[in-house]
Amino acid sequence: MFIDYLDRAILAIDNFGAEYLWGYGALFCILSLGTLLSHKANWFQITQIKHIFRLFKESLRQPKTDGIGTRPLHIFFTSLGGCVGIGNLATVAMAAQIGGPGALFWVWVVAFIGMILKYSEVYLALTHRFLDKENKKFMGGSMYFVAKAFPKFKALPYITALLMAIYSIEFYSFNIIKDSFVSNFHVNPTIFALTMIISIFYAIRGGIERVGRINTVILPIFVVLYLGMTAYILTQCSDQILPLLKTIFYSAWNGHAAATGFAGATMLIALSRGASAAAFSGDIGVGYNSLIHIETQSTKPAQQASLALMSIFLDTILICSTTMVLVLITGVWKTNADSALLVQNALSLHFPYMEYFMPFMIFILGYSTIISYLLSGLPTAEFLAPKNGKKIFFVIAALSFFFFSFFKAEYAFAITSLAGGLLLYIHIAAIYRLRHEVQYDLKNA
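Fair warning: this is a prediction, and the values are worked out from it, not measured in the lab.

## Thoughts on the overall build of the chain
Across its full length, the chain carries 19 helices and two strands. By the compact-globule yardstick of 22 Å for 445 residues, the chain fits well, its C-alpha radius of gyration being 21 Å. The C-alpha extent of the chain, read off along each of the three principal axes, is 60 × 50 × 45 Å. Looking at the chain residue by residue over its 445 residues, the buried ones come to 57%. Of all intrachain contacts in the chain linking residues separated by at least 6 positions in sequence, the fraction that spans at least 24 positions is 85%. For the chain, the computed accessible surface area is about 18200 Å², with 67% contributed by carbon and sulfur atoms. If the 31 positive side-chain charges of the chain are averaged to one point and the 22 negative ones to another, these points end up 10 Å apart.

Laid out in structure tokens, this is it:
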């Protein structure tokens with residue numbers, strides 16, 4: 001009886017988060033403020049794209065200095081590791097399964113407009129960070145520019161830090177990895193969970209340098225394999241590409257009729273699901289990137305913030321689009337299969353043994369997300385409790401990983417989705433209040 005009530009409560013929270021926090025509400029906030037800032041910046045996502053790629057190239061070539069801070073290369077891959085995760089497969093595939101082909105159009109729209117919000121978030125974090133001379137490290141994060149934006153609301157920065165600490169414990173990804181290995185390889189769930197926890201804290205103990213190095217190795221492996229496999233499938237279905245594009249644009253404005261296992265979707269459902277997938281996968285407005293980028297050795301906010309633009313390009317526009325095109329062109333989006341299995345089912349149509357290959361792909365994505373996010377939670381824990389915050393955070397994180405690994409993944413997802421949605425609104429409001437502090441001229445950066 002208790003489990004039934006718990007399932008209903010989690011389902012209600014999940015629906016509220018998907019439809020309103022990450023759906024219609026997020027869409028309104030992202031598009032309204034993003035359009036306002038884009039107009040103010042002369043749509044620099046397009047007009048300054050040459051400088052964005054130039055700064056990206058320069059940043060990745062910067063060597064490690066003797067000063068305080070981390071190489072932009074490791075910062076970038078740590079940031080990318082938190083964005084490119086299991087959500088790029090399961091959450092995005094779910095958007096296509098519920099919203100239909102038109103959801104992909106709204107993914108593109110929200111990602112393009114959301115770029116400027118992500119840039120602004122990182123820029124403000126860098127201009128409001130400060131050097132802790134005693135411990136020889138940078139301190140900062142969205143909590144500090146939220147405090148600047150709302151000086152009368154003394155509790156708001158602490159609420160922001162608490163929500164970010166909750167959001168940074170990626171027990172949803174942990175749960176998905178565990179379930180995948182247990183179901184496919186029949187390993188002992190308790191032993192696997194404990195082994196995963198040890199491997200996670202091994203990475204975190206090395207700080208952003210170790211996390212960055214790990215992500216620099218494993219993320220390119222995933223990207224090359226995933227894009228390569230999808231490209232092969234597209235060559236086999238090349239005659240369907242043009243009709244699919246027409247369907248995507250038509251369904252974005254007119255919805256899509258029911259088809260086999262697909263129940264049909266209106267234009268509003270396509271819009272809501274596409275917007276929520278782009279915002280959630282790209283971490284637009286959540287504040288995660290502000291906590292990672294503050295550790296850079298770069299002293300130029302515009303140059304470092306331009307890396308955030310590249311991360312959303314690679315994560316949302318490239319990887320998420322790949323997932324949606326894959327499940328759409330293979331037709332698996334019309335089935336009633338679990339959303340977490342849609343990508344596996346799509347790849348299985350052209351490649352053998354995917355039931356053995358996918359757990360390792362999920363591990364690469366999930367592990368990079370878990371360690372990157374957990375790292376971002378440390379500054380928030382220290383902000384809440386300067387003396388023992390990190391130790392308390394580590395204990396809570398370890399217990400949360402182990403505890404939630406024995407419950408449905410939907411439970412963990414509902415909690416993180418709710419925390420992330422609330423963070424989005426706080427940060428959108430703060431960026432709006434501080435919008436005049438952000439510089440969008442990259443020519444001289």
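## Some points on helix H4 (residues 72-83)
Taking 1.5 Å per residue as the helical rise, H4 with its twelve residues ought to reach 16 Å, and the 16 Å between its terminal C-alpha atoms agrees with that figure. Along H4, twelve of the twelve residues are buried, which leaves the element largely enclosed by surrounding structure.

## With respect to the packing of aromatic side chains
Throughout the structure, instances matching the rule amount to 33 aromatic pairs. Ring plane angle 65° and centroid distance 5.5 Å describe the contact between Phe44 and Tyr440, whose orientation is recorded as edge-to-face. Taken together, the positions of Phe44 in helix H2 (residues 44-47) and Tyr440 in the segment after helix H19 (409-433) put the pair 396 residues apart, joining distant regions of the chain. Take Phe44: its relative accessible area is 0%, and that puts it in the buried class. Between Phe76 and Phe77, the ring centres sit 5.4 Å apart and the planes meet at 80°, which makes this aromatic pair edge-to-face. The exposure class of Phe76 is buried, given its relative accessible area of 2%. Among the aromatic residues, ring-to-ring pairing joins Phe181, Phe185, Phe192, Tyr356, Phe360, Phe363 and Tyr367 into one connected group. In this arrangement the basic side chain of Arg210 is found over the ring face of Tyr202, its NZ or CZ atom lying 4.4 Å from the centre.

## Digging into the side chain of Thr380
Examined against the element boundaries, Thr380 turns out to sit in helix H17 (residues 354-384). Setting aside residues up to four positions removed in sequence, Thr380 forms contacts with Met143, Ala161, Met164, Ala165 and Leu291.

## Concerning the pattern of salt bridges
Pairing of side chains with opposite charge becomes possible as their charged atoms draw close. Tallied over the entire structure, the rule returns five salt bridges. Between Lys148 and Glu437 there is a salt bridge, with the nearest N and O atoms lying 2.9 Å from each other. A residue pair is termed long-range when its members are at least 10 positions apart, and Lys148 in helix H7 (residues 142-149) and Glu437 in the segment after H19 qualify at 289 residues. Given the relative accessible area of 30%, Glu437 is considered partly exposed. Notably, a salt bridge pairs Lys390 with Glu382, separated by 3.9 Å at the nearest N-O pair. For Lys390, a relative accessible area of 32% gives the class partly exposed. Judged by its relative accessible area of 15%, Glu382 is buried. Look at the salt bridges and you will find they share partners, linking Lys137, Glu382 and Lys390 into a network.

## Brief notes about the nonpolar core
Generally speaking, soluble globular proteins have nonpolar side chains that are buried together. In terms of nonpolar packing, the biggest core is built from 149 residues, with Ile30, Tyr119, Tyr167, Ile200, Leu374 and Phe401 touching the most fellow members. Not counting the four nearest positions on each side in its chain, Tyr119 is found in contact with Phe44, Ala302, Ala305, Ser306, Leu309, Val438, Gln439, Tyr440 and Leu442.

## Notes on unusual backbone geometry
Positive phi outside glycine occurs at Asn42, with the angle close to 60°. Position of Asn42 relative to the elements: it lies in the loop between helix H1 (2-40) and H2. Unusually for a residue other than glycine, Tyr353 sits at a positive phi of about 60°. Along the chain, Tyr353 falls in the loop between helix H16 (342-348) and H17. The class of Tyr353 is exposed, set by a relative accessible area of 59%.

## Points about the environment of Ile176
Looking at the element boundaries, Ile176 is found in helix H9 (residues 171-185). Sequence separation between Ile176 and Leu163 is 13 residues, and the spatial gap between their C-alpha atoms is 22 Å.

## Describing helix H3 (residues 49-61)
In a regular helix each residue adds 1.5 Å, so 13 residues correspond to 18 Å; H3 covers 19 Å between its end C-alpha atoms and thus fits that length. All of the buried residues in H3 are His51, Ile52, Leu55, Phe56 and Ser59. One face of H3 carries all of its buried residues, which in axial projection span an arc of 140°. H3 presents Lys50 and Arg61 as exposed residues on the side facing more than 90 degrees away from its buried surface. Structurally, H3 contributes buried residues whose contacts are with H2, H4 and helix H15 (301-329).

## Digging into the environment of Met115
Inspection of the secondary structure assignment puts Met115 in helix H6 (residues 103-127). Considering only alpha carbons, one finds Met115 and Leu291, 176 residues apart in sequence, at a separation of 17 Å. With sequence-adjacent residues up to four places away left out, Met115 is seen in contact with Gln45, Leu309, Ile312, Phe313 and Ile317.

## Re the confidence of the model for the chain
Of all residues in the chain, 96% have pLDDT values of 70 or greater, and the mean over the chain is 87. Here H1 stands out as the element of the chain with the lowest mean pLDDT, 77, in contrast to H7, whose mean of 95 is the highest.

Calculation rules
Residues numbered from 1 in each chain as written. Predicted model: local features only at pLDDT ≥ 70, side-chain atom pairs only at ≥ 80, totals over all residues. Heavy atoms only, no water. Helix = DSSP H or I, 4+ residues; strand = E, 2+ residues; numbered from the N terminus. Rg over C-alpha atoms; globule rule 2.2 N^0.38 Å. Buried < 20%, exposed > 50% of the residue type's maximum accessible area, 1.4 Å probe, protein only. Contact = heavy atoms within 4.5 Å. Areas by Shrake-Rupley, 256 points an atom, 1.4 Å probe, with all protein chains shown as cover. Lys, Arg positive; Asp, Glu negative; His and termini not counted. Charge placed at Lys NZ, Arg CZ, Asp CG, Glu CD. Expected span 1.5 Å × (residues − 1). Phe/Tyr/Trp six-rings, centres within 6.5 Å; stacked < 30°, edge-to-face > 60°. Lys NZ or Arg CZ within 6 Å of the ring centre and 35° of its normal. Salt bridge = Lys/Arg side-chain N within 4 Å of Asp/Glu carboxyl O. Core = buried A, V, L, I, M, F, W, Y, C linked by side-chain atoms within 4.5 Å. Arc of directions from axis to C-beta. pLDDT = per-residue confidence, 0-100.

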